[in-house]
Amino acid sequence: MLEYLQQLDAQLLCALNGMNCPYADQLMWLISGKFSSALIVIVLLALLARHRQWRNMITLLLAIALVVVLADRVSSGIIKPLVERLRPTHNPELQGMVHIVNDYRGGLYGFVSSHAANLFGIATLISMVMKNRGTWIAMLSWAAIVSYSRIYLGVHYPGDIVGGIAVGMAAAVAVKWAWKKTPEKWNIPRPERLFAKADAKILNLAVALNVLIIAVIAALF
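All values derive from a computational prediction rather than experimental measurement.

A. Structural context of the packing of helix H2 (residues 22-31) against helix H6 (residues 133-152). As a packed pair, H2 and H6 sit with axes 9 Å apart at the nearest point and diverge in direction by 120 degrees. As the angle between them shows, H2 and H6 are arranged oblique. For the element pair H2 and H6, the recorded crossing hand is left-handed. Of H6, the residues touching H2 (which contributes Ala24, Asp25, Met28 and Ile31) are Trp142, Ile145, Val146, Tyr148, Ser149 and Tyr152. Across the contact of H2 with H6, the residue classes tally to eight nonpolar, one polar and one charged.

B. Representation of the pattern of salt bridges in the model. Under the definition given, this model contains four salt bridges. Residue Arg85 is joined to Asp9 by a salt bridge in which the shortest nitrogen-to-oxygen separation is 2.9 Å. Here Asp9 lies in helix H1 (residues 2-17) and Arg85 lies in the loop between helix H4 (54-83) and helix H5 (114-130), a separation of 76 residues in the sequence. One exposure class covers both Arg85 and Asp9, and it is buried. For Arg85, a relative accessible area of 15% puts it in the buried group. Sharing partners across several salt bridges, the network here consists of Asp9, Arg85 and Asp160.

C. Fine view of the environment of Tyr23. Its place among the elements puts Tyr23 in helix H2. With relative accessibility at 36%, the residue Tyr23 sits in the partly exposed group. Along the sequence, Tyr23 and Ala218 sit 195 residues apart, while their C-alpha atoms lie 6.7 Å from each other. With near-sequence residues (within four places) excluded, Tyr23 lies in contact with Ala215, Ala218 and Ala219.

Calculation criteria
- Residues numbered from 1 in each chain as written.
- Predicted model: local features only at pLDDT ≥ 70, side-chain atom pairs only at ≥ 80, totals over all residues.
- Heavy atoms only, no water.
- Axes fitted to C-alpha atoms, helices over the stretch in contact; angles between N-to-C directions.
- Helix = DSSP H or I, 4+ residues; strand = E, 2+ residues; numbered from the N terminus.
- Parallel < 35°, antiparallel > 145°, perpendicular 65-115°, else oblique.
- Left-handed = near helix turned anticlockwise from the far one by under 90°.
- Contact = heavy atoms within 4.5 Å.
- Nonpolar A, V, L, I, M, F, W, Y, C, P; charged D, E, K, R; others polar.
- Salt bridge = Lys/Arg side-chain N within 4 Å of Asp/Glu carboxyl O.
- Buried < 20%, exposed > 50% of the residue type's maximum accessible area, 1.4 Å probe, protein only.

Spelled out as C-alpha cells, the structure:
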C-alpha cells in the first residue's frame, strides 16, 4: 500500500512539475522566495499599528513566531530526519524526469514540507483570529500557491505538501488554543479583539495585490 502511494505521488509530481514554461519558471521562483509574502506582512502590521495597539502587535507576532517554531521543528527537526524521504531532485529514480529551475534542488530530505507547514500554520492562525470567510479563502489560497510552487520547482512531492499542511494547521490550532487559555490576569489581548471587521477586507485585498505584483514582476524580468 505504501509503495503504491509513493508511486502515485511520483506520478502526480511529474504531471504537475511537467507543466512548465519560461514565464512560469520565473513566477514560481519568485513565489517560492523568502520575501514573497512581504506585502501581506507589511499590511498586517500596519493594520495593528494604525490603532496604536502595540501590545496587540507584539502578541500576534509572538503567536505567529510560536506557530512557525512549532511547525518548523516538527517538520524539519523530527519528521524529515525520521522518515528520510529523498526530495524528487535528489531521487536517482527521477533523474532527468524532474523539471529544475535555476539548478535549485533543496536539501536532501523533503517529507514533510516546511514551506507548507509554516505558510499554512500562519494562514490558519491569522484566519482564525480574523474570523472572516474571505480571509480564510485569501490566506489559504496564498499558502496553497506557495506550496504548489515547491512542487513546480521539483523539490517536493504532493504528499510532502499534504503532510506539511497537516503539521502547520495543527500547530496553529494548538497555539490558538493555548492563547485563549491564558489567564485573564496576564493581561494578554484576546485573539478576537485584535482586528476590526474592516481590517479583514484590507488584508484580503493585500493578498490579491501581492499575487498581482509578483505576476507582473515575473513578466518584466
